[in-house]
Amino acid sequence: MANKSGRRRFGNVRERSSGRWQARFPGPDGRMRSAPRTFPSRRDAEQWLVVVESQMVRGEWTDPLRAAIPIGAYADKWITERPSLRPRTVELYRWLLTKHVVPRLGDVKIGDLSTALVREWRSDLLAAGVSQSVAAKSYRLLRAVLNTAVQEDGIISRNPCRVRGADRENPAERPVLTVPQVFKLADAMRHRRLRAMILVTAFTTLRWGEVSALRRGDIAPDGSWIRVTVAHTEVVGRGIVVGPPKSRAGVRTISVPPAIRPEIVKHLMTYVGPASDALVFTGPKGGALRRAHFNNLTKWPETVRKLGAPGLHIHDLRHTGNLFAAQTGASTRDLMARMGHDDMRAALIYQRATSEADQRIADRLSALVEGREIDTDDQEDDEDGPAGSRVPVG
């Protein structure tokens, strides 16, 4: 907009030798900047300056020079500057960045990234055979990186990761064991020192990193409780790293079902050293368990296939235990505490699964009794009536 003297109040425009018009304006720091492109007319250049001035007044303007940093370089720095990330998370983020983000978007300037480009990138990942789960993880990483660019660094005014449903994994339903199957699996352990590990993982809903990191001092002498304070993480090139549990809620004390306490006490007496820091579950030579080592010791794929649960993972024992806990009618808050979650969504999933299973049972019972009689010909005499009687329903 021009003032009475004919000079613009904000910025200035001039005609170039090419006949196109250039717009220049002062940034918040007082330095003059040029528009990223020239314009076909003076009016177009002035209208562009009006938009920039409006953005500055509303606090929405971002410096295009700062937004010129490539996404790959910014994301790499983003991971490095988060020392609180768990080693396994850092490893996952760098793999996702290198494998799925950088090849297509690494050289794109942050300021040039659009929602359409993000949508196309995700579509290309899926078309190339990348699973929906990995594509969702890659998308969530990119979104988190760009959230920092918006909220903390002020490089861009809006996160272009706005593709509906792109952050959802929708994983396949994992297998669940029955209580008898859990004990059958424990009995199938070739190395008896691993029998109690199966029971503890299932009935106290521990993660692999939590159960493999347990020390004698973390378990009550009578097996009545287990305290989780640390977890093992396997990091490529570093081996097993001892660190905090997955979340703040992961630090917890769990009550052990009385039915399996004798198994734990027996295990402590037979396989665990007297020192308070002695590992509770180890390999035959006393070393810390790696997941691949555990699978080899137990012949896991073959063992679970014979059990009738092909494809079962060790983590599915935690999944099984969570469902057992939900079936007791525990509150959402109590389930969260036992599972080590500080987000109620996981607890609600298990509660909903239990509710849906109960409804299926009710529906099937209804189909059995609706319009029929219950045949008790093969029952022995009891207080409800003699054998051979037919008890009418309704």
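This is a predicted model, so every value here is computed, not measured. (Residues numbered from 1 in each chain as written. Predicted model: local features only at pLDDT ≥ 70, side-chain atom pairs only at ≥ 80, totals over all residues. Heavy atoms only, no water.)

> Quick question: what am I supposed to make of the environment of I254 here?
Among the structural elements, I254 can be located in strand β7 (residues 252-255). It is 6.2 Å that separates the C-alpha atoms of I254 and R338, two residues lying 84 residues apart in sequence. The contact partners of I254, leaving out residues within four places of it in the chain, are T204, L206, S224, W225, I226, V228 and R338. (Helix = DSSP H or I, 4+ residues; strand = E, 2+ residues; numbered from the N terminus. Contact = heavy atoms within 4.5 Å.)

> What is the right way to read the pattern of salt bridges from this model?
Opposite charge on two side chains permits them to pair, given that their charged atoms come into close proximity. Tallied over the entire structure, the rule returns 14 salt bridges. Across the salt bridge formed by D187 and R195, the nearest N and O atoms sit 2.7 Å from each other. Looking at D187, the relative accessible area reads 42%, which means it is partly exposed. Judged by its relative accessible area of 13%, R195 falls in the buried class. Note that E210 and R252 form a salt bridge whose closest N and O atoms lie 2.9 Å from each other. Of this pair, E210 sits in helix α8 (residues 208-211) while R252 sits in strand β7; the two residues are 42 residues apart in sequence, bridging distant segments of the chain. For the pair shown, E210 and R252 are each scored as buried. Because the salt bridges share partners, they merge into one network encompassing R104, E120 and D124. (Salt bridge = Lys/Arg side-chain N within 4 Å of Asp/Glu carboxyl O. Buried < 20%, exposed > 50% of the residue type's maximum accessible area, 1.4 Å probe, protein only.)

> Which parts of the structure should I look at to understand the side chain of S138?
Within the secondary structure, S138 is located in helix α5 (residues 132-151). Given the relative accessible area of 0%, S138 is considered buried. Residue contacts for S138: discarding those within four places in its chain leaves L96, H100, V101, W121 and L125.

> Whenever I open this one, the environment of D316 confuses me. Can you help?
Along the chain, D316 falls in helix α12 (residues 315-327). Here the side chain of D316 touches R174 through a polar contact of 2.7 Å, side chain to side chain. (Polar contact = N/O pair within 3.5 Å; in protein donor to acceptor, adjacent residues only side chain to side chain.)

> Is there a simple way to explain the nonpolar core in this structure?
The tendency in soluble globular proteins is for nonpolar side chains to be buried side by side. L185, I198, F281, F294 and W300 are the most contacted members of the largest nonpolar core, which totals 40 residues. Elements represented by at least two residues in this core include exactly α6 (179-187), α7 (195-203), α8, β4 (225-228), α9 (261-271), α10 (291-298), α11 (300-307) and α12. At seven residues, the largest contribution of residues to this core is made by α7. Other than its neighbours up to four places away in sequence, W300 contacts L185, M189, I198, F294, N295, L312, H313, I314 and L317. Formed by 31 residues, the second largest nonpolar core is a distinct cluster that contains L105, L125, V145 and L146. (Core = buried A, V, L, I, M, F, W, Y, C linked by side-chain atoms within 4.5 Å.)

> Can you help me understand the packing of aromatic side chains in this one?
Aromatic ring pairs are reported here in terms of the distance separating the ring centres and the angle at which the planes meet. Taken as a whole and assessed by the stated rule, the structure comprises eight aromatic pairs. On the numbers, 5.9 Å between centres and 45 degrees between planes, the contact of F39 with W48 is tilted. The exposure class assigned to W48 is buried, which follows from its relative accessible area of 16%. (Phe/Tyr/Trp six-rings, centres within 6.5 Å; stacked < 30°, edge-to-face > 60°.)

> What exactly am I supposed to notice about the sheet that holds strand β2 (residues 21-26) here?
By definition, the strands of a sheet pair up through backbone hydrogen bonds, in either a parallel or an antiparallel sense. If you trace the three strands from one edge of the open sheet to the other, you get β1-β2-β3, paired in antiparallel fashion. The sheet is open, and its two borders are formed by β1 (12-15) and β3 (32-34), each paired with just one other strand. Sheet twist, expressed as the mean angle between neighbouring strand axes with direction ignored, is 25 degrees. Direction of pairing for β1 relative to β2: antiparallel, over a ladder of four bridges. Looking at β2, one finds that E15 is bridged to W21. Along the sheet, helix α1 (residues 42-58) contacts β1 and β2; its crossing angle with β2, the most-contacted strand, is approximately 20 degrees. (Pairing = 2+ DSSP bridges. Axes fitted to C-alpha atoms, helices over the stretch in contact; angles between N-to-C directions.)

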